[in-house]
Amino acid sequence: MMKKRVIWLISGINRRMMKLLIALALIAYIASVWGTYTSMRTIQENGELQIERKIEEVIAPLREKIRDLEVSFTQKYPPVKFLSEKDRKRILLTGGAGFVGSHLADKLMMDGHEVTVVDNFFTGRKRNVEHWIGHENFELINHDVVEPLYIEVDQIYHLASPASPPNYMYNPIKTLKTNTIGTLNMLGLAKRVGARLLLASTSEVYGDPEVHPQSEEYWGHVNPIGPRACYDEGKRVAETMCYAYMKQEGVEVRVARIFNTFGSRMHMNDGRVVSNFILQALQGEPLTVYGSGSQTRAFQYVSDLVNGLVSLMNSNVSSPVNLGNPEEHTILEFARLIKDLVGSRSQIQFLPEAQDDPQRRKPDITKAKMMLGWEPVVPLEEGINKTIHYFSKELEYQANNQYIPKPKQARIKKGRPRHN
């Protein structure tokens, strides 16, 4: 009997031990499975994070492009006045993507007019007017005025022509065609649609003047076969055409004789005095002066010129009008002024004098003052500082593209350079 009790007791203990062992084994298995699960979960999460990072790297540029597209579709234009139908004019602007033309386009657009810019982009740049592209009042046409243009307009500002010596000497026949055939085409258009035409002529019609200062009554002193003749004589015959159309066909014409002008959107390497000096000073290169530097020029800021052009177009003055700054400076004075304003240590280098380079140039603007109420208002140093700032930004942009512009040299006579 006692033996049976002992056996029963031992078997009961064994059953409890077995249950305990089974429970412990089950707990150990569950712990092992949970550990494996959490480990796999961590690996999965890390893998998902890496995948998300890869996806983000691919999507980020696309997101930027989408943002840029959204900005372009919601482009904000400069403020534009609202004009009624009777006050709003349809204006054609040839050469409107160039230096002066683009600033004129800005003013006409902000004044509330409908502006059509025509340019063949020989010296003009689309970026000069790109801030207006898409505006309901603005249209840009890639067209050469040597070919006829059929369009309905109320006013024509005819600025199409290369204006800096290196550019107009590059293809003298093309320069002549633009100023003769192109002007004929614009006068023909003005005749057909009854538009008023303003010709952007130049102080170059006075050549190397023997009268100082130059008034509109002076006929000029021009070499008709020199290297500058394609531009000088091209503009002179363009003026002749304007007054022939006025007398014979009754076309309303306005003629602006524009003197040296500078400002933002100038080509830095177009070979003009201002662009050459500023570019050379900013890059620490010698400022090149052709001849002794005693030649004089009168420089006006582009905003003053634009105001003068608009005033002349809307006036009753049909005879030529000088638009320039009567403040006269020698080229050497101007070089030193730019050097000081830039804070450059550049030297001034004297090169042989350019052929047919005018020795004195100063406008008599009495007519513009009396009949247009116009005269320049931007001080010379203020205009130069604005232009220096613009050129500095341009150099930064172009440095990023590994392109550094170099000033174009004038055609010079043989000789040895000297330094000062």
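Everything below is about the structure shown above.
To start, this report covers the structure provided alongside it. Predicted, not measured: the structure shown is a model, and the values here were computed from it.

## Regarding unusual backbone geometry
Residue P213 is reached from H212 by a cis peptide bond, and omega for that bond is -5 degrees. By secondary structure assignment, the location of P213 is in the loop between β5 (196-202) and α5 (229-249). Positive phi values are uncommon outside glycine, yet F121 reaches one of about 60 degrees. Looking at the secondary structure, you find F121 in the loop between β2 (114-119) and β3 (138-142).

## A short note on the environment of V255
Along the chain, the position of V255 falls in strand β6 (residues 253-258). Taking the relative accessible area as the measure of exposure, V255 reaches 0% and is therefore buried. In sequence terms V255 and S201 are 54 residues apart; their C-alpha atoms lie 6.4 Å from each other. Ignoring sequence-local partners within four residues, the contact set of V255 consists of L199, S201, E239, C242, Y243, L312, S319, P320 and V321.

## Considering the side chain of T261
Considering the arrangement of structural elements, one finds T261 in strand β7 (residues 261-262). For T261, the side chain forms a polar contact with the side chain of Q300, separated by 3.2 Å. Discounting chain neighbours no more than four positions away, the residues touching T261 are F99, M266, R272, Q300, Y301, V302 and L305.

## Let's talk about a nonpolar patch on the surface
On the surface, a cluster of nonpolar side chains totalling about 450 Å² of accessible area is made up of I51, I55, V58, I59 and L62. On the secondary structure map, L62 appears in helix α1 (residues 2-73). In this structure L62 comes out as partly exposed when scored by relative accessible area, which is 48%.

## Examining the sheet that holds strand β4 (residues 155-158)
Spatially, β3-β2-β1-β4-β5-β6-β11 is the arrangement adopted by the seven strands of the open sheet, whose pairing is parallel. One side of each edge strand has no neighbouring strand; the edge strands of this open sheet are β3 and β11 (321-323). Averaged over all pairs of adjacent strands, the angle between strand axes in this sheet comes to 20 degrees, irrespective of strand direction. Taken together, the three bridges between β6 and β11 define a ladder with parallel strand orientation. The residue of β11 that forms the bridge with A256 is V321. Against the sheet, helix α2 (residues 99-110) engages β1 (90-94), β2, β3 and β4, with an angle of about 170 degrees to β1.

## Considering the packing of helix α6 (residues 273-282) against helix α10 (residues 380-400)
With their axes 10 Å apart at the nearest point, α6 and α10 run at an angle of 60 degrees to one another. On the basis of their axis angle, the class for α6 and α10 is oblique. Crossing angle aside, the handedness with which α6 passes α10 is right-handed. Packed against α6, whose contacting residues are V274, S275, I278, L279 and L282, the element α10 presents T387, I388, F391, S392 and L395 at the interface. When the residues that make up the contact of α6 with α10 are grouped by side-chain class, the tally is seven nonpolar, three polar and no charged.

Rules used in this analysis
- Residues numbered from 1 in each chain as written.
- Predicted model: local features only at pLDDT ≥ 70, side-chain atom pairs only at ≥ 80, totals over all residues.
- Heavy atoms only, no water.
- Helix = DSSP H or I, 4+ residues; strand = E, 2+ residues; numbered from the N terminus.
- Buried < 20%, exposed > 50% of the residue type's maximum accessible area, 1.4 Å probe, protein only.
- Contact = heavy atoms within 4.5 Å.
- Polar contact = N/O pair within 3.5 Å; in protein donor to acceptor, adjacent residues only side chain to side chain.
- Patch = residues over 30% accessible without salt bridge, like charges linked within 9 Å, V, L, I, M, F, W, Y side chains within 5 Å.
- Areas by Shrake-Rupley, 256 points an atom, 1.4 Å probe, with all protein chains shown as cover.
- Salt bridge = Lys/Arg side-chain N within 4 Å of Asp/Glu carboxyl O.
- Pairing = 2+ DSSP bridges.
- Axes fitted to C-alpha atoms, helices over the stretch in contact; angles between N-to-C directions.
- Parallel < 35°, antiparallel > 145°, perpendicular 65-115°, else oblique.
- Left-handed = near helix turned anticlockwise from the far one by under 90°.
- Nonpolar A, V, L, I, M, F, W, Y, C, P; charged D, E, K, R; others polar.

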